[in-house]
Amino acid sequence: MRRLLLCGLLGLFKSGLGQAQTLPVLTQNPPSLRWNEVRTPHFRVLYAGSIDSAAQRTAARLEQLHGPGVTTLGVSPRPISVVMQNQTTVPNGFVTFLPRHAEFFTTPQQGLGLGTVDWLDGLAVHEFRHVGQFEKARQGIGKVLGPLFGDGALGIAAVGVPQWFFEGDAVGTETALTRSGRGRIPNFNVGLRANLLAGRRYSYQKAVNGSLRDNVPDWYVLGYFLTSYLKTHYGPAVWSSALNDYYRAPFYPFSFSRSIRRTTGLTVEQLYDRTMTEIDSTWRVQQAALPANTPVREMRVEASERIFTQYEYPQYVTDSTVLVLKTGLAYIPQLVLLSRHGAEQRVFTPGQLNIPEMLSVNGGKAVWPEFQQHARWGQRIASELKVLDLKTGRLTRIGKGARYSAAALSPDGARLVATRTDASYHHALVVLDAQTGAEIQTLPNPQNDFYQQPRWHPDGRRIVAVALSATGKTILLIDPTGPATGTSKALLPVANVNLTNPQPWRNFVLYNSSQSGLDALYAVSARTGQTYRVTVRPLGAYHAAVAPGGRTLAFHDYRATGARVVEMPLDTTTWVPVPTATVDVPGPYAAALTAREPAGQLLSRLLTPPSAAQPDSVGARYGVRRYSPLRHAFNLFSYGVVQSPSGNAVSVGLRSQDFLNTTQVFAGVGYDQTERTFSATGALSYQALFPVVDVDVTHGGRDAAVLYRGGTYRDQWQYTRLTAGLRLPLNLTRSKYLQALSLGTYFLHERVYGYNLPTRKISEAGPNQPLNALQTTLSYASQLRLSARDVAPRSGVTFLGTWRTTPFGAGLEARQWAAQGSVYLPGLARHHAIRLRAGYQWQDQARYRFAPAVSFPRGEDYVSFDRLRVASFDYNLPLAFTHIELGRLLYVQRLRAAFFGDAAQGNDSRGTVAQLNYRNVGVDALVLFNVLRLRTPIEAGVRVVYSTTVRQWVVEPLAFSIRL
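From a predicted model like this one, the values you see are computed outputs, not experimental measurements. (Residues numbered from 1 in each chain as written. Predicted model: local features only at pLDDT ≥ 70, side-chain atom pairs only at ≥ 80, totals over all residues. Heavy atoms only, no water.)

Of the regular secondary structure elements, the protein chain holds 13 helices and 48 strands. In summary, the protein chain has a C-alpha radius of gyration of 30 Å against a globular reference of 30 Å for 964 residues, a match within 12%. Taken along its principal axes, the extent of the C-alpha atoms in the protein chain is 105 × 60 × 55 Å. Across the 964 residues of the protein chain, 58% fall into the buried class. Sequence separation of 24 or more characterises 59% of the internal contacts of the protein chain that already satisfy a separation of 6 or more. As presented, the protein chain carries roughly 38,100 Å² of accessible surface, and 56% of it is formed by carbon and sulfur atoms. The averaged location of the 65 negative side-chain charges in the protein chain is 1 Å from the averaged location of its 99 positive side-chain charges. (Helix = DSSP H or I, 4+ residues; strand = E, 2+ residues; numbered from the N terminus. Rg over C-alpha atoms; globule rule 2.2 N^0.38 Å. Buried < 20%, exposed > 50% of the residue type's maximum accessible area, 1.4 Å probe, protein only. Contact = heavy atoms within 4.5 Å. Areas by Shrake-Rupley, 256 points an atom, 1.4 Å probe, with all protein chains shown as cover. Lys, Arg positive; Asp, Glu negative; His and termini not counted. Charge placed at Lys NZ, Arg CZ, Asp CG, Glu CD.)

What follows concerns the packing of aromatic side chains. The final tally for this structure, using the stated rule, is 34 aromatic pairs. The interplanar angle of 20 degrees and the centroid separation of 6.2 Å between the aromatic rings of Trp-505 and Phe-508 together place this pair among those described as stacked. The exposure classification of Trp-505 matches that of Phe-508, with both residues buried. Three or more aromatic residues joined by ring pairs form one cluster here, namely Phe-97, Phe-134, Trp-164, Phe-165, Phe-166, Trp-239, Tyr-246, Tyr-247 and Phe-256. Between the NZ or CZ atom of Arg-789 and the centre of the ring of Phe-881, over which it lies, the distance is 3.7 Å. A cation over a ring is seen here: Arg-858 above Phe-900, with NZ or CZ 4.0 Å from the ring centre. (Phe/Tyr/Trp six-rings, centres within 6.5 Å; stacked < 30°, edge-to-face > 60°. Lys NZ or Arg CZ within 6 Å of the ring centre and 35° of its normal.)

Position of Ala-249 among the secondary structure elements: in the loop between α9 (238-246) and α10 (255-264). Using a relative accessible area of 31% as the deciding quantity, one classes Ala-249 as partly exposed. Here the alpha-carbon distance between Ala-249 and Gly-550, two residues 301 residues apart in the chain, equals 65 Å. Leave out the neighbours within four places in its chain, and Ala-249 touches Ser-255 and Arg-258.

Turning our eyes to something else, we now look at the packing of α9 against α10. Following both chains from N to C, one finds α9 and α10 inclined at 125 degrees, their axes separated by 8 Å at the closest point. By the angle between their axes, α9 is oblique relative to α10. As for the relative orientation of α9 and α10, their crossing is right-handed in sense. Where α9 approaches α10, its residues Val-238, Trp-239, Ser-241, Ala-242, Leu-243, Asp-245 and Tyr-246 are matched on the opposing element by Ser-255, Phe-256, Arg-258, Ser-259, Ile-260, Arg-262, Thr-263 and Thr-264. Class assignment of the residues belonging to the contact of α9 with α10 gives a composition of seven nonpolar, five polar and three charged. (Axes fitted to C-alpha atoms, helices over the stretch in contact; angles between N-to-C directions. Parallel < 35°, antiparallel > 145°, perpendicular 65-115°, else oblique. Left-handed = near helix turned anticlockwise from the far one by under 90°. Nonpolar A, V, L, I, M, F, W, Y, C, P; charged D, E, K, R; others polar.)

The next point concerns the nonpolar core. If you look at soluble globular proteins, the nonpolar side chains tend to sit buried side by side. In terms of nonpolar packing, the biggest core is built from 104 residues, with Trp-164, Trp-239 and Phe-256 touching the most fellow members. Beyond its immediate chain neighbours, meaning those up to four positions away, Trp-164 contacts Asp-169, Tyr-204, Val-208, Trp-219, Leu-222, Gly-223, Leu-226, Thr-227, Trp-239, Phe-256, Val-268 and Leu-271. Counting 17 residues, the second-largest nonpolar core is a separate cluster that includes Leu-492, Ala-495, Leu-499 and Val-509. (Core = buried A, V, L, I, M, F, W, Y, C linked by side-chain atoms within 4.5 Å.)

Take the pattern of salt bridges next. Enumeration according to the criterion identifies 47 salt bridges in this entry. A salt bridge links Glu-305 to Arg-564; the nearest nitrogen and oxygen atoms lie 3.0 Å apart. With Glu-305 in the loop between β6 (297-298) and β7 (309-318) and Arg-564 in strand β29 (residues 564-569), the pair connects residues that are 259 residues apart, well separated along the chain. One salt-bridge network, held together by shared partners, links Arg-78, Arg-100, Glu-135, Arg-138 and Asp-151. (Salt bridge = Lys/Arg side-chain N within 4 Å of Asp/Glu carboxyl O.)

Among the surface-exposed residues, Val-797, Val-823, Leu-825, Leu-836 and Phe-873 lie close enough to one another that they form a single nonpolar patch of about 360 Å² accessible area. Structurally, Leu-836 is set in strand β42 (residues 833-844). On the basis of relative accessibility, which here comes to 37%, the residue Leu-836 falls in the partly exposed class. (Patch = residues over 30% accessible without salt bridge, like charges linked within 9 Å, V, L, I, M, F, W, Y side chains within 5 Å.)

A separate point is the sheet that holds strand β13 (residues 381-389). On the basis of which strands lie adjacent, the open sheet formed by four strands has the order β11-β12-β13-β14 and antiparallel pairing. A strand with exactly one partner marks an edge of an open sheet, and here the two such strands are β11 (360-362) and β14 (395-398). Direction aside, neighbouring strands of the sheet carry axes that sit 30 degrees apart on average. Looking at chain direction, strand β12 (residues 365-373) and β13 are connected through nine bridges and run antiparallel. Residue pairing for β13: Gln-372 is matched across the bridge by Ala-382. (Pairing = 2+ DSSP bridges.)

This next bit is on the sheet that holds strand β5 (residues 100-105). Neighbouring strands of a sheet are bound in pairs by backbone hydrogen bonds; such pairs are parallel or else antiparallel. In spatial order, the strands read β4-β5-β3-β2-β1-β31; together these six strands make up an open sheet with mixed pairing. Every interior strand has two partners, whereas the edge strands, β4 (93-97) and β31 (624-627), have only one. With strand direction ignored, the average angle separating the axes of adjacent strands in the sheet is 25 degrees. Here four bridges tie strand β1 (residues 35-39) to β31, and the two strands are oriented antiparallel to one another.

To continue, consider α9. For α9, the tally of buried residues reaches seven of nine residues, placing the bulk of the element in the interior. Listed in full, the buried residues belonging to α9 are Val-238, Trp-239, Ser-240, Ala-242, Leu-243, Asp-245 and Tyr-246. Considering only its buried residues, α9 is in contact with α2 (119-136), α4 (152-157), α5 (163-177), α8 (219-234), α10 and α11 (268-288).

The next point concerns α10. Think of an α-helix as turning once every 3.6 residues; residues three or four places apart then point the same way. Within α10, seven of the 10 residues are buried, leaving the element largely enclosed by the surrounding structure. Within α10, the full set of buried residues consists of Ser-255, Phe-256, Ser-257, Arg-258, Ser-259, Ile-260 and Thr-264. Against α5, α8, α9 and α11 lie the buried residues of α10. Backbone geometry just after α10 places Gly-265 at a positive phi near 85 degrees.

The next thing to look at is the pairing of strand β36 (residues 692-708). Taken together, the eight bridges between strand β35 (residues 677-686) and β36 define a ladder with antiparallel strand orientation. Directly across from Leu-684, in β36, lies its bridge partner Val-695. Connecting the antiparallel pair β35 and β36 is a turn made up of five residues. For β36 and strand β37 (residues 711-731), the ladder comprises 17 bridges, and the chain directions are antiparallel. Each residue of the ladder has a partner; that of Gly-701, found in β37, is Gln-718. From the end of β36 to the start of β37, which pair antiparallel, there are two residues, and Arg-709 there has a positive phi angle of about 50 degrees.

Right, let's talk about the side chain of Ser-180 for a bit. Tracing the backbone through its elements, the reader meets Ser-180 in the loop between α5 and α6 (186-197). Exposure remark for Ser-180: the relative accessible area of 8% places this residue in the buried category. Ignoring sequence-local partners within four residues, the contact set of Ser-180 consists of Leu-114, Gly-115, Thr-116, Val-117, Ile-185 and Asn-496.

A separate point is the packing of α6 against α8. When two helices pack together, their arrangement is given by the angle between the helix axes and the distance between those axes. In the contact formed by α6 and α8, the axes pass within 10 Å of each other and the chain directions differ by 90 degrees. In terms of their interaxial angle, α6 and α8 are classed as roughly perpendicular. For the pair α6 and α8, contact is made by Phe-188, Asn-189 and Leu-192 and by Tyr-220, Val-221, Tyr-224 and Phe-225, respectively. Its residues placed into classes, the contact of α6 with α8 shows six nonpolar, one polar and no charged.

Cis geometry is found at the peptide bond from Leu-98 to Pro-99, where omega equals -5 degrees. Of note, the phi angle at Arg-933 is positive, near 65 degrees, even though the residue is not glycine. Here Arg-933 lies in the loop between β45 (915-931) and β46 (938-947).

This brings us to the side chain of Thr-275. Locating Thr-275 in the fold gives a position in helix α11. A polar side-chain atom of Thr-275 sits 2.7 Å from the main-chain carbonyl oxygen of Leu-271. With sequence-adjacent residues up to four places away left out, Thr-275 is seen in contact with Phe-225, Leu-226, Tyr-229 and Tyr-589. (Polar contact = N/O pair within 3.5 Å; in protein donor to acceptor, adjacent residues only side chain to side chain.)

Here we come to the confidence of the model for the protein chain. Of the residues in the protein chain, 94% reach a pLDDT of 70 or more, and the chain-wide mean stands at 92. For the stretch residues 2-21, pLDDT sits under 50, and the model shows 56 contacts to residues farther than four places along the chain or on other chains. Counted against residues more than four places away or in other chains, residues 610-617, with its pLDDT under 50, gives 13 contacts. (pLDDT = per-residue confidence, 0-100.)

Listed below in structure tokens is the structure:
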């Protein structure tokens, strides 16, 4: 469930006139799309454009899976909607209950994880298992909470279920019910295998919560092995029994562990220990049976072994230097040059990489694909090619707005071969001009096979590529200029073997295969079809690259501290002939899962390959009708009680959001515990247009007292507040910097009824003085992406401009404009960061005072001035990256601090206060930690400030750097 982090900056600057209900900006498709729906007995598949056949096929696949896919959970899921997102090139899929639906992103992935199953078929199996998991929550407490919270009750009831269960169980299901789920692919578990074989068996706390020093496999990997261990040893329905027990009483700490113990006799820690012991033993037996390791020579790198760092996907630039992708906990992805003896050289830092492993170097250039999101429509994400001239550093964009997911340069660097999946789910190989990006040729693909990782042959004429068809994978040798355009020859029989990364050399093609149960490099002769084993490495060898002189072979070699690039002589006499593989050796638990799964016997026909005559069909065809987003704009999905962050207000409301993210609605009533008053609120955000339209109406009561001429006066009155306006959130990310621009204009009307106090606060509307105001804000942010260990941006700028006024000549009068900007700079050491911030606020506040539009000195209560100048300096640094455990309760990952100084000068033009100066200094101390083994960490701490106005130290609690 990969998600692009392109929208995070859009919420950096939010400033409201009143207490309006803020509804987030979601990702939408362009409004020009016309949507259709396919209905089956249990699914409604929504899609746009000419993807009809793939939508029909997906609907049929889902209907096939409705029983078999969730049999072991003991549920029969209610009908659900599935949105096929075909405007994006991101390979992804997810299921959510807020609102309850699924989304399938239709562009397949290019990497090893795809296996030998069609992308949409694999999504259907994995994501429908999530549907069944969520349906399981509709019992016990979940069933009781349903009438109170709607579908939101499912999340409340499942709060104690760890994420590793959800994802691991789904990976186990795709492994059991398909011929090539991730549990069958060695690369999926190589990180965990590396740790165990290196003697790095981490505690359960660390395995669940992660690390900022070591590689801790994600919850997909951890969950697959934990869930599969129980299914294998206690039966396929064991998790159904454990969940039945859990949902009876889920609301006390570690209830999930208790349910596992009541079902199996094992605590979750014992389950973890037994699983690790079993697979460690399995992998050690496998490793002991390997032939002698292939000797290699490692290239020099800058990174130490203390912090997990990877060097992957080598491509030769000269006979002695390779360009590789460097990643890790301490680095954002960057291209570096490695050599046998010289120092590592940084070459370039790319943007949002599409498929990192598809790096290609030829003709003095390098090419790779990058995601490029549309500025406004978050679901429209192109995949363009970036071509870097390695001598001049000049970067060229190829295919603006296109959908190229992998590409390689010809030997002379003049042409590109690229893969493309269009919005109709049609796959193609295309030949491009590397200078202009013009498409020279689209190769025929009548069977709609899916192409992976194409490369040019050294002769500059032919192309090799992996082709995935309905019956498996092969490697094709393609001649685009042959007598019949796109003449191809299969070098291997089509089989259930996960072939990847072909690399032609002379009359051979080297490639990756896990046919022995371990990833290794193999070669096939284009003349005879004989296959050879080229490498044997303890954990696997990946991504062969041949030096220009043809004497050495480079690849990346995996280890617990991160992959490293190694070389070996390219000598065919050392290759070992092996029989041509027709099936992969399954990974741990894969065969047992299929054998024990009730639907495992249906495997041969559950995902029946489509026929050659109808490559997108599965037999059944369902009716299609037009789907109107506007007609389905209101989709109630949650209701119930929500408490305000301050804890002094509570509301009961209804939330609505349509499946295409165009319309959000909130309606509810609230109770303020301080004043003991009620209010009613309705908010709508319509986001299908280029500008987002927001409307919020609140009517409520107030109960307050004032001191006036020595007496206390109390009154109850009512107010009505209307906020309406437009905002335009734009994502401008095009490089290693995350960039966002937002412009918003809002109208505020507030009127008061029944107000009888003798005086009022200057910031409140009165009975005869309504507030009619306009607010316009402009915000911009450009910040360097953060590595996992960074505590603040090390480069970038931000700006926020605010203008508020009352131009209507009726009611209260006030004006305010303000500007504030920040500059981010690197500190004295890695992961240290400096922020310089300055702002100015001017206002005419004789009759009304707007809320502050610039940051006030920390440790001080806000004072409204006519003229306010502010400036600050922050120095952020990590203090320690730790693995501190306090039993089951607490796990500490990082300690950090921020030293700061704030200065401000406020002037009151009315003469009551001529000038007030602030000169405050302080420090924030923060701890990043996990509680109760919840994977999402929390950061909290304390702020200590010396206030020059009161001449004393002020101590304040913090959460996520925000004063509580």
